[in-house]
Amino acid sequence: MKNCLLKIENISYTYVHTGWKLDSISLSINTGDFVGIVGPNGSGKSTLLKIAAGILPPVSGRVHLEGKHIRKIPRKKLAQSMGYLPQQINPVFDFNVEEVISMGRFCHSKGMGLITQEDRQIVADCMQATETFSLRNRSITELSGGERQRVMLASVLAQQPGIMLLDEPMTGLDMHHQVAFFKLLSQFAAKGMAVVVITHDLNLASQFCDKVLLLNKGRKEIFDSVEKVFGRIEQLEIYSKDLSIFKHPLNQKPAVLPYNSESEKGIENDKIN
Ligand code: ADP
Ligand code: MG
């Protein structure tokens, strides 16, 4: 049976300088859920995730992790239960990849914070899973954007949290690593971890996520199956008129393709000529 891990109740937030509002959002994330968060730029995805991670205090509403008020959980204890990967990571210190991933184990350290043999094994497993083993001696400051994203995911995985909140972790990943990344996340979800991922890749969300939250202008438009969410995107033309929604030929899940409506004019002109 699935248990409720993260309960977000009537969260609202306002950025005072601009007056932009996140408007009364509620949702529950259960063990084993693989949830995608989608929505246009500026719809409030990162703000919601920061509140869910206990980083931003909401103006009103509550976030409970395993029944406890998130802002009352000590940071080290919170890191044992929740992994959070922010949208922007700008490493300033010259740590190597293995050191960065090992930092994920600090929340479990006792006393002096020394790395144990068990920690080393977990770090090695996380490097294998994220295909970062060959990068282990490289400086984090000298990696490509996509390589760095994989290292940061490995570091969050090394925390062995019950829930992961990931803000656009796919930025800079090539197609192979995008699919590998989502496969890996769904394997963790199958083992009971709750995974919440902000992504602009609707096709990957469709293929892998159990449920999708669509945010629009700071509001929860819909939190439902991928089929229902794609239906709403099409109905409200959330992104653009120039999108075509299909069923994937192999598993019938919704898939979206951009459509160049200008190209029709080209075809018409060809016919005339
Ligand atoms: P998303 O992640 O969906 O692109 P964000 O949650 O980052 O959206 O931002 C939502 C809105 O809040 C945007 O209009 C953005 O410009 C604004 N915003 C984000 N961070 C701040 C901030 N620190 N101060 C003022 N406005 C902000
Ligand atoms: Mg964002």
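Figured I'd write up the structure that's included with this text.

What counts and what doesn't
Residues numbered from 1 in each chain as written. Chains lettered and ligands numbered in written order. Predicted model: local features only at pLDDT ≥ 70, side-chain atom pairs only at ≥ 80, totals over all residues. Heavy atoms only, no water. Helix = DSSP H or I, 4+ residues; strand = E, 2+ residues; numbered from the N terminus. Buried < 20%, exposed > 50% of the residue type's maximum accessible area, 1.4 Å probe, protein only. Near = heavy atom within 4 Å. Polar contact = N/O pair within 3.5 Å; in protein donor to acceptor, adjacent residues only side chain to side chain. Areas by Shrake-Rupley, 256 points an atom, 1.4 Å probe, with all protein chains shown as cover. Pairing = 2+ DSSP bridges. Axes fitted to C-alpha atoms, helices over the stretch in contact; angles between N-to-C directions. Contact = heavy atoms within 4.5 Å. Patch = residues over 30% accessible without salt bridge, like charges linked within 9 Å, V, L, I, M, F, W, Y side chains within 5 Å. Salt bridge = Lys/Arg side-chain N within 4 Å of Asp/Glu carboxyl O. Right-handed = clockwise from strand over helix to strand, strands pointing away.

1. Some details on unusual backbone geometry
Part 1: Positive phi, close to 50 degrees, is recorded for Gln-160, a residue that is not glycine.
Part 2: Of note, Gln-160 is situated in the loop between helix H5 (145–158) and strand S7 (163–167).
Part 3: Residue classification places Gln-160 among the partly exposed positions, given a relative accessible area of 45%.

2. A short note on the site of ligand 1
Part 1: Around ligand 1, the structure places Tyr-15, Thr-18, Trp-20, Pro-40, Asn-41, Gly-42, Ser-43, Gly-44, Lys-45, Ser-46 and Thr-47.
Part 2: For ligand 1, an oxygen atom lies 3.1 Å from a polar atom in the backbone of Ser-43.
Part 3: The separation between an oxygen atom of ligand 1 and a polar side-chain atom of Lys-45 is 2.8 Å.
Part 4: For ligand 1, whose free accessible area comes to 560 Å², the fraction covered by protein is 63%.

3. Overview of the sheet that holds strand S10 (residues 219–224)
Part 1: Overall, mixed pairing links the six strands, which are arranged S6-S7-S8-S3-S9-S10 in an open sheet. A single partner strand is all that each edge strand has here, and the edge strands are strand S6 (82–85) and S10. The mean inter-strand angle of the sheet, taken between neighbouring strand axes irrespective of direction, is 15 degrees.
Part 2: Taken together, the four bridges between strand S3 (residues 34–38) and strand S9 (residues 211–216) define a ladder with parallel strand orientation. Within S9, the position partnered with Val-35 by the bridge is Lys-211.
Part 3: Packed on one face of the sheet, helix H1 (residues 45–52) meets S3, S6, S7, strand S8 (194–198) and S9 and runs near 150 degrees to S7.
Part 4: Here helix H6 (residues 175–190) sits on the sheet in contact with S3, S7 and S8, set at roughly 135 degrees to S3.

4. Some points on the sheet that holds strand S4 (residues 60–65)
Part 1: Read from one edge to the other, the open sheet built from four strands follows the order S2-S1-S4-S5, with strand pairing classed as antiparallel. Of all strands in the sheet, those with a lone pairing partner are strand S2 (21–30) and strand S5 (68–69), marking the two edges.
Part 2: Looking at chain direction, S4 and S5 are connected through two bridges and run antiparallel. When the bridges of S5 are listed, Leu-65 appears paired with Lys-68.

5. What about a nonpolar patch on the surface?
Part 1: Nonpolar side chains collect at one region of the surface, where Val-92, Phe-93, Phe-95, Met-103 and Phe-106 lie side by side and expose about 510 Å² of accessible area between them.
Part 2: Tracing the backbone shows Phe-95 in the loop between S6 and helix H3 (97–103).
Part 3: Residue classification places Phe-95 among the partly exposed residues on the basis of a relative accessible area of 36%.

6. Focus: the pairing of S8
Part 1: Buried residues dominate S8, accounting for five of its five residues.
Part 2: Burial of the side chains of S8 extends over both faces: Ala-194, Val-196 and Ile-198 are buried on one face and Val-195 and Val-197 on the other.
Part 3: Bridging between S3 and S8 involves four bridges; their strand directions are parallel. Of the residues in S8, the one forming a bridge with Phe-34 is Val-195.
Part 4: You can see the chain leave S7, run along H6 and come back into S8, and the turn it takes is right-handed.

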